[in-house]
Structures are given as structure tokens and as C-alpha cells.
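Here are the chains, one letter per residue:
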Amino acid sequence: MLHPAKYAELLAEKIRFAAPRLDWVTGVTGELSGEEAATPAHWRRHLREPVRFAAALKTLHLQGCNIFLEVGPQPRLITLGQACLPEGAGRWVASLRSDRPEWEQLFDALGELYVTGLPVDWQGVD
């Protein structure tokens, strides 16, 4: 039986990687991704090494990001994220909450993003 890490390596070698078309921050280094994100080695590191969450948020903040949307079933990282940046830095939005109906929370999150000035494709919202 293959060790899970070895199995992941074998799978990663079968994927055709390409350089990112958008800027994004990788949890491997906490910095903007580059050409290394187009390699199996980067994704092996991503599986094996700790996530550099605080460093990634600081990089985003330094890049001018001030809206942070947590996509997930429960907003567990918002409080941690707020602790990584200066007090009052950014707007923190939860996509879902277990104590609220999904659509209600999603529309509240969309409304919160809209009032910050982010464009919304209203025809795509249904």
C-alpha cells in the first residue's frame, strides 16, 4: 500500500501545471505566487508544510486588499485573520454560517460586498 504522500506525488506528476494567470498568495510561502506554483514540487510542499496564514494575510494587506471573504460552511478563520492584521484593517465577510439559512447568509454577504463597491453580476444571481 502506498503512503498517502507518495500517492499524492504520483497524482501530481500526472497533472499538467501552468503558470497562474491571476495574482494570488500561496499558503506555502505567504507571498505572491510565481512560476513555482506551476510545479508539482510546490503542491507537494502545500500538502506537507504548515500553512503560512498570517504571512499570507499580511501580504494581501500590503497589496491593498481590504475585503476578506471566508468561503466555507462556518466562519472559523475570520477571527484568526483579524488577529493577524492591525485592528480595524479590512472588512471581513462570511459566506455561510451554521446558525442561518444558506440563502439568507449568502445574500447578506453579497449585499455587504456590494455596498463596499464591488461589482455584482446581478443577472448571474439566482
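Our subject is the structure that appears above.
Enquirer: Go over the side chain of Ser95 with me, naming the residues and quoting the values.
Expert: Relative to the assigned elements, Ser95 resides in the loop between β2 (91-94) and α5 (102-115). Polar contacts involving the side chain of Ser95 include one to the main-chain carbonyl oxygen of Glu70, which spans 3.0 Å. Within the structure, Ser95 has its side chain in polar contact with the backbone nitrogen of Gly72 (distance 3.2 Å). Residues in contact with Ser95, not counting those within four places in the same chain, are Leu69, Glu70, Val71, Gly72, Gln105, Leu106 and Ala109.

Enquirer: Residue-level account of the environment of Gly124, with values.
Expert: Assignment of secondary structure puts Gly124 in the segment after α5. A C-alpha to C-alpha distance of 16 Å links Gly124 and Asp108, two positions 16 residues apart in sequence.

Enquirer: Any details on the pairing of β2? Residues and values, ideally.
Expert: Bridging between strand β1 (residues 67-70) and β2 involves four bridges; their strand directions are parallel. In the strand pairing of β2, Glu70 is matched with Ala94. Handedness of the β-α-β unit built from β1, helix α4 (residues 78-84) and β2 comes out right-handed.

Calculation criteria
Residues numbered from 1 in each chain as written. Predicted model: local features only at pLDDT ≥ 70, side-chain atom pairs only at ≥ 80, totals over all residues. Heavy atoms only, no water. Helix = DSSP H or I, 4+ residues; strand = E, 2+ residues; numbered from the N terminus. Polar contact = N/O pair within 3.5 Å; in protein donor to acceptor, adjacent residues only side chain to side chain. Contact = heavy atoms within 4.5 Å. Pairing = 2+ DSSP bridges. Right-handed = clockwise from strand over helix to strand, strands pointing away.

These figures capture arrangement, not role.
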